[in-house]
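Read off the chains here:
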Amino acid sequence: MFPPFDYFQYLRIRDAKRRERDARFAALDPEYHAPFTAANKEIINKPIEELVQDVQKELLLPEAEEWATSEVNLKGPLAGIPVSLKDSLQVKGFDITLGYSKLAGKPYQEDGAVVKLLKDAGAVPYVKTALPVTLLSFESANGIWGTCRNPHVPEFSPGGSTGGEGALLALGGRIGIGSDVAGSVRVPAAWSGIYSLRCSTGRWPKTGINTSMAGQEGVPSVFSPMARTLNDLTYFTRSIIGLQPWKYDYTVHPIPWRADQEKEASQKQLRVGLLKSDGVVPPTPAIARAIDTTVAALRAAGHTVVEVTPPPTADPFTGLDLAAQLLNSDGCYTFNSHFFSFEPSDPGAAQLTRVANLPRVLRYLYYLYVRYIKRDEKWATLIRHFGPKSSAELWKLVARRESFRATWHAWWNAEPQQYDFILCPANATPALPHGAMRDAVSACGYTFLWNLLDYSAGILPVGHVDPAKDSLAVKKKGGYKLALKELGCNNAIARGAWMHYDAEKMAGLPTAVQIVGRRWEEEKVLGYMAAVESALEKAGEKYTLLEVD
């Protein structure tokens, strides 16, 4: 069927997939629809390393029940543990739509490397979770499945692109796997109130997947773990790497688990670099309070916290501009190539597409208008070269990326720094309302920077938005716009995120911090996260998980 008549094919596929989902849920035994019992809640809150000793049989898919008896190694380190998967992972017998109806109805004939590894570990893959079409959003909605909601406040997003995982784990799921190219396992963790670890490239398997941007390697996407608790996250990561994933996937480096590094990181007196702002989007009051709470707890526990001044030639905004050009060097062609006519896109991705598709002359005129009439240097810089690149242009960008990484490497090694880790926000805001990506798509610098550098980074929830403590003070004279200007929101990127900040509507949403280590330091980052959580607990500030019903 040819455009624009293929729109009707999209509608047909969308309706068929939703009926399929409804039928699968309806066919489950009544016990799956019943409220959580006391025994269920005990299981949810028990560390998975203890559950492995007494394997449970509560699985959410008929296929999962069959796998548990025929394909899963019940003597493995994850014996009987249910693991949820982002939709982009390959499971035999199921398709990978990525939210595109064109990809529906094409089930895979075998498991991908990640799923094979999970089954050999004794884990039971039991559900695939929501993501945004294009995979380039901190929202998780698509035309096939609809909108995924935040379990704390449903009017808000659970994050993206691994938002379904974030919501499920907050609601009582235990372990999940997602992908991260600009913050896609970290922002959902921060917005949903769970834990996640962004692994460096080559530390976690990634073959046997599908993606909206196949071949994009300027800022490589990495698959990484997510969990309801830090204990589960650490045990899960340790177990998977202990099974030597390089034997399953040629992209994985043969780096065994270094338990001594994890232990030392969790017990030593730490020197922490504090990055309060990325210089583009200042943290909103709720996020600033989470950072301040963490800093106070660390100092009370005897750790040293020093404010970071990033290298001037490789500052976070320069990194944001470089990463954005690398990620979309095809001019947004590939992720748009999978749509049927009029199939809904993500509002943020649609904005990126509009800018990328402007003829060079018009884009330059737009740049001049924003730079010299609107006097917005940062937004103007982002749009000036945001378009399709030739091979020669892409090579130059990759060379700049390597120079950027070398600068950070030398900077962190230098005597004034030598931090154990960098503490910073995961995002400038708590979870944003549905549809906000049309304004806030570029407000991703707090996570995107570490993807560009390929550093390991973890997310640790700290608290919740409190209207009494986190409201934005707006002066009567000048109003909201003047308040934003005085707070440093002097560019469209910052205003696009802050315009949705409302502490009263956001009451109860999680707040979080990000712990950033260096490349291939997953063990250390998990150890640092344990040290931070211990300090918060001693200060009476440990995060309270969402109570499941």
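Residues numbered from 1 in each chain as written. Predicted model: local features only at pLDDT ≥ 70, side-chain atom pairs only at ≥ 80, totals over all residues. Heavy atoms only, no water.

Asker: Teacher, can you tell me more about the nonpolar core here?
Answerer: Note that soluble globular proteins tend to have their nonpolar side chains buried in a common cluster. Membership of the largest hydrophobic core comes to 92 residues, with the highest contact counts inside it found for V281, W408, I422 and W450. Sort the elements by how many residues they give to this core and helix α11 (residues 316–327) lands first, with seven residues. Each residue touching W408, except ones within four places of it in the same chain, is listed here: P310, P311, A314, I422, L449, W450, L453 and Y455. (Core = buried A, V, L, I, M, F, W, Y, C linked by side-chain atoms within 4.5 Å. Buried < 20%, exposed > 50% of the residue type's maximum accessible area, 1.4 Å probe, protein only. Helix = DSSP H or I, 4+ residues; strand = E, 2+ residues; numbered from the N terminus. Contact = heavy atoms within 4.5 Å.)

Asker: So what exactly am I meant to see when it comes to the sheet that holds strand β7 (residues 222–227) here?
Answerer: Backbone-to-backbone hydrogen bonds pair the strands of a sheet. The strands run either parallel or antiparallel. Strands sit in the order β2-β1-β5-β7-β6-β11-β12-β10-β8-β9 across an open sheet of ten strands; the sheet is mixed. One side of each edge strand has no neighbouring strand; the edge strands of this open sheet are β2 (124–129) and β9 (304–307). Ignoring strand direction, the axes of neighbouring strands in this sheet form an average angle of 30°. For strand β6 (residues 195–198) and β7, the ladder comprises two bridges, and the chain directions are antiparallel. Each residue of the ladder has a partner; that of Y195, found in β7, is A227. Together, β8 (271–274), β9, β10 (421–425), β11 (457–464) and β12 (510–516) form the strand contacts of helix α10 (residues 285–300), whose direction differs from that of β10 by roughly 150°. (Pairing = 2+ DSSP bridges. Axes fitted to C-alpha atoms, helices over the stretch in contact; angles between N-to-C directions.)

Asker: Please clarify how the UniProt feature "binding site: substrate" (unreviewed entry) in the protein chain should be interpreted in this entry.
Answerer: The feature "binding site: substrate" (unreviewed entry), as given by UniProt, occupies L135, S161, V181, A182, G183 and S184 in the numbering adopted here. A stretch of 50 residues holds the annotated residues, and the largest C-alpha distance among them is 10.9 Å, short enough that they meet in one place. Tracing the chain through its elements places A182 in the loop between β5 (175–180) and α7 (186–192). Inspection of the secondary structure puts G183 in the loop between β5 and α7. Judged by its relative accessible area of 0%, G183 is buried. Ignoring sequence-local partners within four residues, the contact set of G183 consists of F138, G160, P188, T447 and N451. (UniProt positions renumbered as here; feature names shortened; annotations may be inferred.)

Asker: Honestly, α10 in this entry has me stumped. Any pointers?
Answerer: Every α-helix carries 3.6 residues per turn, so stepping three or four residues along brings you back to the same face. For α10, built from 16 residues, the straight-helix expectation of 22 Å at 1.5 Å per residue is met to within 8% by its first-to-last C-alpha distance of 22 Å. Along α10, the residues that are buried comprise A286, I287, A290, I291, T293, T294, V295, A297 and L298. Phi turns positive, to about 95°, at G302, one or two residues after α10. (Expected span 1.5 Å × (residues − 1).)

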